[in-house]
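Close look at the chain arrangement
Each chain, letter by letter, is given below.
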Amino acid sequence: MSVTAPPGETRPFDTRPAGELVNRPDLTEAQLLQAIAERLAFENRTGPEPAVVIEAARLGKRKALTFLRQLVLPPPRSRLEMPVQPILREHLAGGPQGSH
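None of the values given here were measured: they were computed from a predicted structure.

Conventions adopted
- Residues numbered from 1 in each chain as written.
- Predicted model: local features only at pLDDT ≥ 70, side-chain atom pairs only at ≥ 80, totals over all residues.
- Heavy atoms only, no water.
- Helix = DSSP H or I, 4+ residues; strand = E, 2+ residues; numbered from the N terminus.
- Buried < 20%, exposed > 50% of the residue type's maximum accessible area, 1.4 Å probe, protein only.
- Contact = heavy atoms within 4.5 Å.
- Areas by Shrake-Rupley, 256 points an atom, 1.4 Å probe, with all protein chains shown as cover.
- Axes fitted to C-alpha atoms, helices over the stretch in contact; angles between N-to-C directions.
- Left-handed = near helix turned anticlockwise from the far one by under 90°.
- Nonpolar A, V, L, I, M, F, W, Y, C, P; charged D, E, K, R; others polar.
- Core = buried A, V, L, I, M, F, W, Y, C linked by side-chain atoms within 4.5 Å.
- Expected span 1.5 Å × (residues − 1).
- Arc of directions from axis to C-beta.

Looking now at the overall build of the protein chain. For the protein chain, the count of helices and strands is four helices and zero strands. Written out in order from the N terminus, the α and β elements of the protein chain read α-α-α-α. Within the span of the protein chain, comprising 100 residues, buried residues form 24% of the whole. Contacts in the protein chain between residues at least 24 apart in sequence constitute 56% of all its contacts with a sequence separation of at least 6. Only carbon and sulfur atoms are counted for the fraction: they give 56% of the accessible area of the protein chain, which is about 7900 Å².

Below is the structure:
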């Protein structure tokens, strides 16, 4: 979600947690700062500071948002929500094809 404002108006500051900027609410700001620092070091870049990248993304700057989308993030530690799926063929027996 980018925050946009009409020309001549200032953009409201995005106060969402840093993890939500990369669609990972399970990440803390420290984890995201670490991922940004690692990416900058990998690319042999000296700036900007990781906190500046997050602030720019919160302001809706495209370059910062693109940079965040390219980060290698740690794997999720929370449970992933998966729909329950039947593993037997019983649910297919009543279908239009009958048995297999």
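The structure having been displayed, the exposition proceeds.
Below, the discussion takes up unusual backbone geometry. In this structure, Pro48 follows Gly47 across a cis peptide bond, with omega equal to 0°. Position of Pro48 relative to the elements: it lies in the loop between helix 1 (29-42) and helix 2 (50-58). You will see that Asn23, though not glycine, has its phi angle at about 55°, which is positive. Structurally, the position occupied by Asn23 is in the segment before helix 1. With relative accessibility at 69%, the residue Asn23 sits in the exposed group. With a phi angle near 55°, Asn44 is a residue other than glycine that sits in the positive phi range. Looking at the element boundaries, Asn44 is found in the loop between helix 1 and helix 2.

This paragraph deals with the packing of helix 2 against helix 3 (residues 62-69). Contact pair helix 2 / helix 3: the axes reach a minimum separation of 7 Å and the direction vectors enclose 115°. At the point where helix 2 passes helix 3, the crossing takes the left-handed sense. Where helix 2 abuts helix 3, its residues Val53, Ala56 and Ala57 lie against Ala64, Leu65, Phe67 and Leu68. Considered class by class, the residues forming the contact of helix 2 with helix 3 number seven nonpolar, no polar and no charged.

What follows concerns the environment of Glu43. Along the polypeptide, Glu43 turns up in the loop between helix 1 and helix 2. Judged by its relative accessible area of 29%, Glu43 falls in the partly exposed class.

The next subject is the nonpolar core. Within soluble globular proteins, side chains that are nonpolar generally end up buried alongside one another. Grouped together as the largest cluster of nonpolar side chains are 17 residues, with contacts concentrated most on Leu32, Ile36, Leu68 and Leu71. At the level of elements, helix 1, helix 2 and helix 3 are the ones that each hand at least two residues to this core. Discounting chain neighbours no more than four positions away, the residues touching Leu71 are Leu32, Ala35, Ile36 and Arg39.

This next bit is on the side chain of Arg24. With respect to the secondary-structure elements, Arg24 resides in the segment before helix 1. For Arg24, a relative accessible area of 14% puts it in the buried group.

This part covers helix 1. Between its first and last C-alpha, helix 1 extends 20 Å over 14 residues, near the 20 Å set by a 1.5 Å rise per residue. Where helix 1 is concerned, the buried positions are Leu32, Ala35, Ile36 and Leu40. Taken end-on, helix 1 shows its buried residues confined to a sector of 135°, consistent with a single buried face. Facing away from the buried surface of helix 1 by more than 90 degrees, the exposed residues are Ala30, Ala41 and Phe42. Directly beyond the C-terminal end of helix 1, a positive phi value near 55° is found at Asn44.

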